[in-house]
Amino acid sequence: MTEPPIGTPDQRVRVFVSSTLHELAAERWAVREAVTRLRLTPVFFEQSAQAHPPREVYRAYLAQSHLFVGVYGESYGWVAPDTTMSGLEDEYLLARELSLPRLIYVKRSATTREPRLAAMIDGIRSSADVSYREFTDPAQLRDQVEQDIAVLLTERFHQSGRTPQGEAPPSARTPLIGRETEVAALTGLLAEEGVPLVTLTGPGGVGKTRLATDLAVRLADRFPDGVRYIDLSAVSRTDLVGEAMARSLGLRTSGAGEAVEDVAAFLRSKRLLLVVDNFEQVAEAAPVVARLLRAAPRVTALVTSRAPLRIDGERVYAVAPLSSPSTSDTDPAAAAAHASVQLFVERSRAAEPGFALTEDNVDAVAEICRRLDGLPLAIELAAARVRLMRPAGILDLLDSRLSLLTSGARDLPARQRTLRDTIAWSYNLLGPEEKSLFTRLSVFTGGFDLPAARAIGGPGALDALDHLVENSLVDYAPDTSRFGMLQSIREYGMDRLDSEADGTAAHRAHADYFHDVALEAGPELNRRATRWLRRLAIDHDNVVTATYWYFDNGEYDSALAMNEAIWVYWLLHGPIEEAGRISARIHAHGDRLPDPRRSRALLADGVVALITGDYRRGRSQVEEALPLLRAASDDEGVVRAIGPLAMLAIRERDYARARGLLEEGRQVSERLDERWQISLYHSRLGLIALGEGDHDRAAGLLVTALDVAGAADAPLASIVALYSLAVNAVLREDVDAARNYLLDGLVIARDSNDLNSPSLFIAAIADASARRGDHERATRLAAAATSLRQASGTPWLAWYVPPWPGYQPVDAAAYAQARTEGATLDLDGAMSEALRD
Ligand SMILES: Nc1ncnc2c1ncn2[C@@H]1O[C@H](COP(=O)(O)OP(=O)(O)OP(=O)(O)O)[C@@H](O)[C@H]1O
Ligand SMILES: [Mg+2]
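### Regarding the overall build of the protein
Along the protein, the regular secondary structure elements total 39 helices and 12 strands. For the protein, the C-alpha radius of gyration of 30 Å lies close to 28 Å, the compact-globule estimate for 837 residues. With respect to the three principal axes, the spread of C-alpha positions in the protein is 90 × 75 × 55 Å. For the protein, the computed accessible surface area is about 35,000 Å², with 50% contributed by carbon and sulfur atoms. A gap of 2 Å separates the mean positions of the 92 positive and 116 negative side-chain charges of the protein.

Next comes the structure, spelled out in C-alpha cells:
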C-alpha cells in the first residue's frame with residue numbers, strides 16, 4: 001500500500017525551524033513569534049505526529065519549506081539506532097541538499113557544547129552560503145530572525161524578478177473554492193491537440209485570473225518547458241504589448257526590430273503554457289497573439305479577457321459566477337454545498353475567526369450570495385464587513401444602498417453592474433480618510449510599497465491602509481511586502497479620482513515621488529548598481545507612468561531629468577526601446593525646454609540611437625549637442641557626449657581625435673569626481689593602445705581602468721575593462737588570462753543584474769575553451785550563448801568594447817550532442833559550465 005503524500009495545509013511561505021526538542025524551548029517560541037509576525041508559516045517538526053517514520057516526515061516538510069532556520073545551543077541531539085547522526089544534523093544536511101536558504105543562530109552562552117555539535121557548527125561557520133549569527137537571549141533572537149528573514153525575502157523576490165526564467169504565476173494565498181467542473185473541462189481542453197488558445201471570458205471579478213493561475217500551477221508539469229505568466233493589466237497601449245510580453249518573459253530586446261519578434265524567437269522552440277492575464281486592456285492586440293501562436297506551434301496560450309480575442313483556433317470558455325443556493329436551501333449544510341457560500345464563509349473567517357454558518361445566519365448569507373450574483377470579488381468585499389456586523393446587517397446595508405449606487409453605470413451588463421455597485425458600496429462604508437487614500441492609491445501601476453503609499457497618502461496613510469487591506473480593497477503580499485489592487489477595484493478608484501478635485505494632485509504626487517526615486521537612484525547606479533536596479537525593476541511600471549504623466553502635462557524637463565538619472569538602468573535592464581521612445585519624445589518637444597536642457601534632450605536621443613546601431617543619426621545628434629553643452633558649461637552633459645564621440649573615433653581609428661576628446665573628458669570627469677567616467681577614460685585609452693598594437697600599454701591602461709572601477713564600485717565600468725582586457729590577452733595569445741578576465745566579468749555582469757552582456761561573455765569564453773582545445777565545452781557554451789542571445793538582443797556592451805578577435809572553428813558535427821545540450825542551458829547553467837574547471 002502506498003503512503004499518502006505528506007502535505008502541509010496551506011500555500012504560504014514556510015519556514016522550517018530546526019533545533020533539539022527539549023532544549024531551547026524559549027528560543028523556539030521566539031522564532032515562532034518572529035515568523036508569524038512576518039505573516040509566514042513556521043514549520044516545526046514535532047507538530048507532525050503522523051503515521052510516517054520521522055525522517056520521512058521532516059524530509060517532506062523540509063521539501064515543502066522555503067527557508068531553513070537552525071537554532072543551536074549545547075545538545076547535538078539523539079542519534080537513533082541504525083543511524084549515524086542526529087535528526088538535528090540530518091535536517092541541516094537535507095536543507096543544504098535542497099538548497100534552502102539557511103539562517104543559523106547559535107546561543108552564545110553555551111559553554112559545554114557537545115563535541116559533535118561543536119564540530120557541526122564549525123563546518124557551518126565556514127560555509128559561504130549560510131547566514132551565521134550568535135545570540136544571547138530569546139528576545140534578541142526573535143528580532144534577529146525577523147529582520148534576517150525580512151531581508152532575505154526581499155532579496156529572494158528581487159532575484160526572481162531578475163532571472164531570465166520570467167515571471168511565475170502569482171501564487172494564491174488561499175485555496176481555490178469550487179470550480180471542479182471548470183478545472184476538469186479546461187484541463188481536458190488544454191491537453192487537446194490543435195487547441196492553441198483558450199480564452200477565459202467573463203465580467204470583472206468573476207474569477208478568471210484566479211482560475212487561470214490555479215490551472216497554470218496544476219498543469220505546469222504537463223508542459224516540458226513549464227508555464228510562463230504575463231500580466232497585461234498595467235499595459236494600456238496596444239503597441240506596447242510585445243514589449244510587455246518580452247519583459248514578463250525576462251527577455252531583453254534589442255531595440256532593432258519589433259519586440260514581438262524577440263518574443264516569437266524565444267517561444268518558437270518552446271513547449272509551454274503561456275498564461276496571459278487581463279487581455280481586455282489591449283483588446284486590439286489580438287493579432288499579436290495570433291502571430292505568436294503561428295510562430296510557436298507547440299505553445300498553448302491560456303488568456304483571460306473580459307471579451308474573446310476572436311482569432312483563429314480560439315476556444316472561448318465563459319467563466320460563470322460561483323453557484324448560489326436557491327431560496328429553498330435553508331439549512332446550513334445545503335447552503336454550504338454552494339461555492340459562493342463557501343467563499344463567503346472562508347473570507348468571513350479570515351476577517352473574524354469565530355465566524356460560522358448557523359441556522360441563524362444561513363438565510364442572510366444565502367441572500368447576500370444571490371444578491372451579489374455569486375460574483376467572487378463582490379462576495380469578498382461583503383464578507384470583509386463581518387468583523388463589524390452580522391450577515392443580516394450586511395444584507396440590510398446592501399439592500400438599502402446598493403440600489404442607490406448604480407449612478408452612471410446603467411449601461412454596463414448586469415453582472416458588471418453588480419460588481420461596480422458592490423465596490424461602490426464597500427467604498428461608501430469607508431471613513432473619509434480611507435476614502436481619500438483609496439482613490440489616491442489607484443494612481444499606482446503595478447503595485448506599491450509602504451513608503452510609496454505614505455508619499456501619496458500622507459502621514460495618516462498607515463492606519464487607513466490597514467483598513468483598506470482589512471476590507472479587501474487593497475491586497476497585501478507579505479512575501480514581497482507590496483500592496484496592490486485588483487483590476488476592477490483599481491478602475492473604480494481611478495474613475496472616482498478623475499471626478500475629484502484633488503485628482504490631479506494625486507497624479508502629481510505619484511509622478512513626483514517616482515521622479516525623486518529616479519533621481520536618488522541616479523548617482524547610485526554608477527556605483528553599486530544592484531540594489532537600485534532591482535528597486536527600479538520592481539517599480540518599472542510606476543516609473544514609466546510617472547514619465548508619461550509629465551509628458552501629458554507638458555513638463556518635459558522633469559521627464560528628462562528622470563530619464564537621465566536612470567540611464568544605466570535602461571542600459572543594463574532595458575527595454576532600450578522604452579528609453580528610445582522616451583528620449584525621442586522629449587527631444588521632439590525640445591522647444592518646451594530651457595536652453596541647455598534642450599541639448600541634453602538631443603544628446604540622450606543620440607546616445608540611444610548609437611547603442612541601438614543607428615550610427616548616422618546618433619553621431620549627428622551627439623555632435624550637434626557637444627558644442628552647445630560646452631557653451632552652456634554643462635560639465636556633466638559634456639562628459640556624456642564625449643564618451644560616445646571618442647568611441648566612434650576609436651572605431652574609425654582616428655586616434656588623434658579620440659585622444660583629444662578623451663583628454664577633455666578626463667579633465668571634466670575629475671572636476672566632477674565621476675569615478676566611473678574616469679575608469680572609462682582609461683579603458684578607452686587602452687583601446688587606442690590595443691588598436692595601435694601596443695599590448696603591454698593596453699594592459700596597463702585597462703588594469704588601471706579596472707582598479708578605478710573596482711574602487712568606485714562601478715560595475716558597468718568594470719565589465720567594460722574586463723572584457724577589453726580579455727580581448728587584449730587573446731591577441732597576446734595568453735588564453736588563460738583571457739578566460740580569467742572573462743569569468744570575472746561574467747560574474748560581475750550577472751551579479752549586477754545586467755541582463756544583456758552575459759551572452760557576450762559566454763560566447764567569448766566558448767572561444768577561449770576552443771583555443772585551449774576543449775572543443776566539447778566550447779560547443780556547449782557557444783550554443784548556450786546563442787540561445788541566450790536570441791532572447792536578449794543586442795547587448796549594450798558591444799558598443800563599449802572591441803569585437804572579439806575571430807572565433808576558432810570547431811567541428812560542430814563532431815559535437816552535435818554538446819550543442820543540443822548547450823542550447824537548453826539557462827544563464828545559471830551556462831555559468832556553471834563556464835566556471836567548471
Ligand atoms: N474559486 C475561487 N476561490 C477562491 N477565491 C476566488 C475564486 N474565484 C475568485 N476568487 C477571488 O475573487 C477575487 C476576484 O477574482 P479574479 O481576480 O480572479 O477575477 P477576474 O475575473 O480576473 O477579474 P478582472 O476581470 O477584474 O481581472 C479575487 O480576490 C480572487 O482571489
Ligand atoms: Mg483578472
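Now, onward.
### Structural notes on the pairing of strand β6 (residues 197-201)
Across the five residues of β6, five count as buried, placing the element largely inside the fold. In β6, alternate side chains face the same way, and those of Leu-197, Thr-199 and Thr-201 on one face and Val-198 and Leu-200 on the other are all buried. In this sheet, strand β9 (residues 300-304) lies alongside β6 in parallel orientation, the contact comprising four bridges. Counterpart to Val-198 in the pairing with β9 is Leu-302.

### Focus on the site of ligand 1
For ligand 1, the set of nearby residues contains 22 residues, the closest of which are Gly-205, Lys-208, Thr-209, Glu-380 and Ser-488. Here an oxygen atom of ligand 1 and a side-chain polar atom of Asn-278 are 3.3 Å apart. Arg-347 places a polar side-chain atom, nitrogen or oxygen, 3.1 Å from a nitrogen atom of ligand 1. Taking 630 Å² as the accessible area of ligand 1 by itself, protein coverage stands at 92%. Elements that contribute at least two residues to the shell around ligand 1 include exactly α7 (208-219), α12 (339-351), α14 (376-383) and α20 (487-499). Considering only residue class, the shell around ligand 1 consists of nine nonpolar, seven polar and six charged. Lining the shell around ligand 1 are residues from two domains, each supplying at least three of them: domain 2 (180-318) and domain 3 (332-428).

### Notes on the confidence of the model for the protein
Looking at the protein as a whole, its pLDDT mean stands at 85, while 91% of the residues score no less than 70. For the protein, helix α5 (residues 138-162) is the element with the lowest average pLDDT, namely 65, and β9 is the one with the highest, namely 96. Across residues 1-11 the pLDDT falls below 50, and counting only partners more than four positions away or on other chains, this stretch makes 17 contacts in the model. In the model, residues 156-164 has pLDDT below 50 throughout and makes 17 contacts with residues more than four positions away in sequence or in other chains.

### Some words on the sheet that holds strand β10 (residues 314-318)
Taken in spatial order, the five strands make up an open sheet running β7-β8-β9-β6-β10, and their pairing is parallel. At either end of the open sheet lies a strand with only one pairing partner, and these are β7 (227-231) and β10. In this sheet, neighbouring strand axes are inclined to one another by 20 degrees on average, regardless of whether the strands run parallel or antiparallel. Pairing of strand β8 (residues 273-277) with β9 involves four bridges; the strand directions are parallel.

What counts, and at which threshold
Residues numbered from 1 in each chain as written. Chains lettered and ligands numbered in written order. Predicted model: local features only at pLDDT ≥ 70, side-chain atom pairs only at ≥ 80, totals over all residues. Heavy atoms only, no water. Helix = DSSP H or I, 4+ residues; strand = E, 2+ residues; numbered from the N terminus. Rg over C-alpha atoms; globule rule 2.2 N^0.38 Å. Areas by Shrake-Rupley, 256 points an atom, 1.4 Å probe, with all protein chains shown as cover. Lys, Arg positive; Asp, Glu negative; His and termini not counted. Charge placed at Lys NZ, Arg CZ, Asp CG, Glu CD. Buried < 20%, exposed > 50% of the residue type's maximum accessible area, 1.4 Å probe, protein only. Pairing = 2+ DSSP bridges. Near = heavy atom within 4 Å. Polar contact = N/O pair within 3.5 Å; in protein donor to acceptor, adjacent residues only side chain to side chain. Nonpolar A, V, L, I, M, F, W, Y, C, P; charged D, E, K, R; others polar. Domains from an automatic or database assignment. pLDDT = per-residue confidence, 0-100. Contact = heavy atoms within 4.5 Å. Axes fitted to C-alpha atoms, helices over the stretch in contact; angles between N-to-C directions.

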